[in-house]
Amino acid sequence: MCRCVTIDPSGPVRIAVIGGGPSGLFFAHAVNKILSGEEDNFERRRIEITVFEKSSRPGGQWQSSAEAVDNDVACYDNLWTNGASHGHEFPDYTYDEHFGRPVDVYMRRKDLLEYILGRVTKGNANFFDDHVVTNTEVIKARYIKERCKFEVRTRNVKTGVENNIQYFDKCVWAAGDNGLRNFPQKLVDQVLRGGFSGRIIHSTDMRDFEKDVKGKRIALIGGGFSAEDLALQAVKVGVNYVTIVVRDARGGEVAGTRIWPYDKVNVLRGMTVTGSEGERKIRLSKSSDLPEVDESKGCLYLDDIDTIILCTG
C-alpha cells in the first residue's frame, strides 16, 4: 500500500481548477473569502489557486460566440435564464449593488455574466490576474501516488504548445457537463450523403444567427432549453417556420411551451433525423422512445429546409 507524504505545512497548498466559468470562479472566490475572514478557530494556510480557462477571458460557457475565441467554449448570444432572477442573487453582492436598479425576472446571459464577474472582483480588483490563466486548455490530469500530486498537462490554444506540465496538491473539475459540445457527426454525415445543401450548425455557433434563419425554414434537432430559446429567438428575427425534432416521445423541455408566437413553431415528438433526399429535404423516422415502432409505415419528410441547428448539448 502506497503511503502518501503529507503536504509540507510550511509551503503553500497548490490547487488546480479546470474551467474558468462560474463554478471555477466561485470556488476561487470562496477560498479567498474564507482565508480573509476572522474566524478564531480557522487554521490559515497559504493557498495558491490556478484556474485554467480555454478561452481568452473568464466566463466559460457563459460567453457568447462573439466574445469567445473558440466555439467549443461559447454560448449563443441570446441566451436568457430559465430560472427567476431572485434565485441567482447572492446575499453578499446584490443586484442593486451591481446594477443600481431592479432586474427583470428572467435575465439575459450577458447581464448575468457581468454580475458574476462583478461579484468575484468586488473585494479584489486583481482577482483574474491572481488566479486565472486564459487561452489554456488542460489536455490531461492524473494523480501520481508516489508524489501525492496531481500532474496537469496544458496546451496553449494560440500557439498549440503542449509541453507545459505543473504539479498540484488538489485538482478541481469545474468545466461542468457542457465543457465540450456534443456534435453528432454521424447524423451530419447521413444528412450530407443524401445531398442536403443547406446550413448545418451547432447551437453554440450563433455568429450569423439572423442570416441563418431570417425568412427561412429551419429545423432544430433536440428538445432541450436551447431549442426552446433559439426557436423563440428565430421568431423574433423573422424566421419563416421552425420545426423542432425531438427524439423523446414526451417532447422534451419544449413540450412545456403550449403556445408558440404566430404559430410558427411545430414540435415533432418521438422522431429522429435519419438522412436527407435532395438539397432541402430531410428524412425523419420514429425513434425507439416510442412505445411501438412500425417501420412499415415509412418515413416523414420535411421539405424546403434551409438551415439545421443541432441543439444537442
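Relevant structure appears above.
What follows concerns the packing of helix H1 (residues 22-35) against helix H3 (residues 109-121). The relative placement of two packed helices comes down to the angle between their axes together with the axis-to-axis distance. Close contact between H1 and H3 brings their axes to 10 Å; oriented N to C, the two are set at 20°. With respect to each other, H1 and H3 are oriented roughly parallel. The chirality of how H1 crosses H3 is left-handed. Contact residues: H1 offers Pro22, Leu25, Phe26 and His29, while H3 offers Ile116, Leu117, Arg119 and Val120. Taken together, the residues of the contact of H1 with H3 break down into six nonpolar, one polar and one charged.

Now for the sheet that holds strand E13 (residues 282-286). The strand order E12-E13-E14 describes an open sheet built from three strands, whose pairing is antiparallel. The open sheet has two edge strands with one neighbour each: strand E12 (271-276) and strand E14 (300-302). With strand direction ignored, the average angle separating the axes of adjacent strands in the sheet is 35°. Direction of pairing for E12 relative to E13: antiparallel, over a ladder of five bridges. From the neighbouring strand, Gly275 faces E13, where its bridge partner is Arg283.

Glancing now at the pattern of salt bridges. Applying the stated criterion across every chain yields a total of 15 salt bridges. The partner of Glu97 in a salt bridge is Lys122, and the shortest N-O contact between them spans 3.2 Å. Taken as a pair, Glu97 in helix H2 (residues 95-99) and Lys122 in the loop between H3 and helix H4 (127-131) lie far apart in primary sequence, 25 residues in all. Since its relative accessible area comes to 43%, Glu97 is described here as partly exposed. According to the relative accessible area criterion, Lys122 is partly exposed, its value standing at 46%. Among the ionic pairs, Asp169 bridges to Lys149, the shortest N-O distance being 2.5 Å. Taken together, the residues Asp169 in the loop between strand E6 (164-168) and strand E7 (170-173) and Lys149 in strand E5 (residues 149-156) connect sequence positions 20 residues apart. Here Asp169 falls in the buried class, since its relative accessible area comes to 7%. Classification of Lys149 by relative accessible area gives partly exposed; the value is 26%. Within the structure, one salt-bridge network assembled from shared partners comprises Arg14, Arg46 and Glu48.

So, how was this worked out
Residues numbered from 1 in each chain as written. Predicted model: local features only at pLDDT ≥ 70, side-chain atom pairs only at ≥ 80, totals over all residues. Heavy atoms only, no water. Axes fitted to C-alpha atoms, helices over the stretch in contact; angles between N-to-C directions. Helix = DSSP H or I, 4+ residues; strand = E, 2+ residues; numbered from the N terminus. Parallel < 35°, antiparallel > 145°, perpendicular 65-115°, else oblique. Left-handed = near helix turned anticlockwise from the far one by under 90°. Contact = heavy atoms within 4.5 Å. Nonpolar A, V, L, I, M, F, W, Y, C, P; charged D, E, K, R; others polar. Pairing = 2+ DSSP bridges. Salt bridge = Lys/Arg side-chain N within 4 Å of Asp/Glu carboxyl O. Buried < 20%, exposed > 50% of the residue type's maximum accessible area, 1.4 Å probe, protein only.

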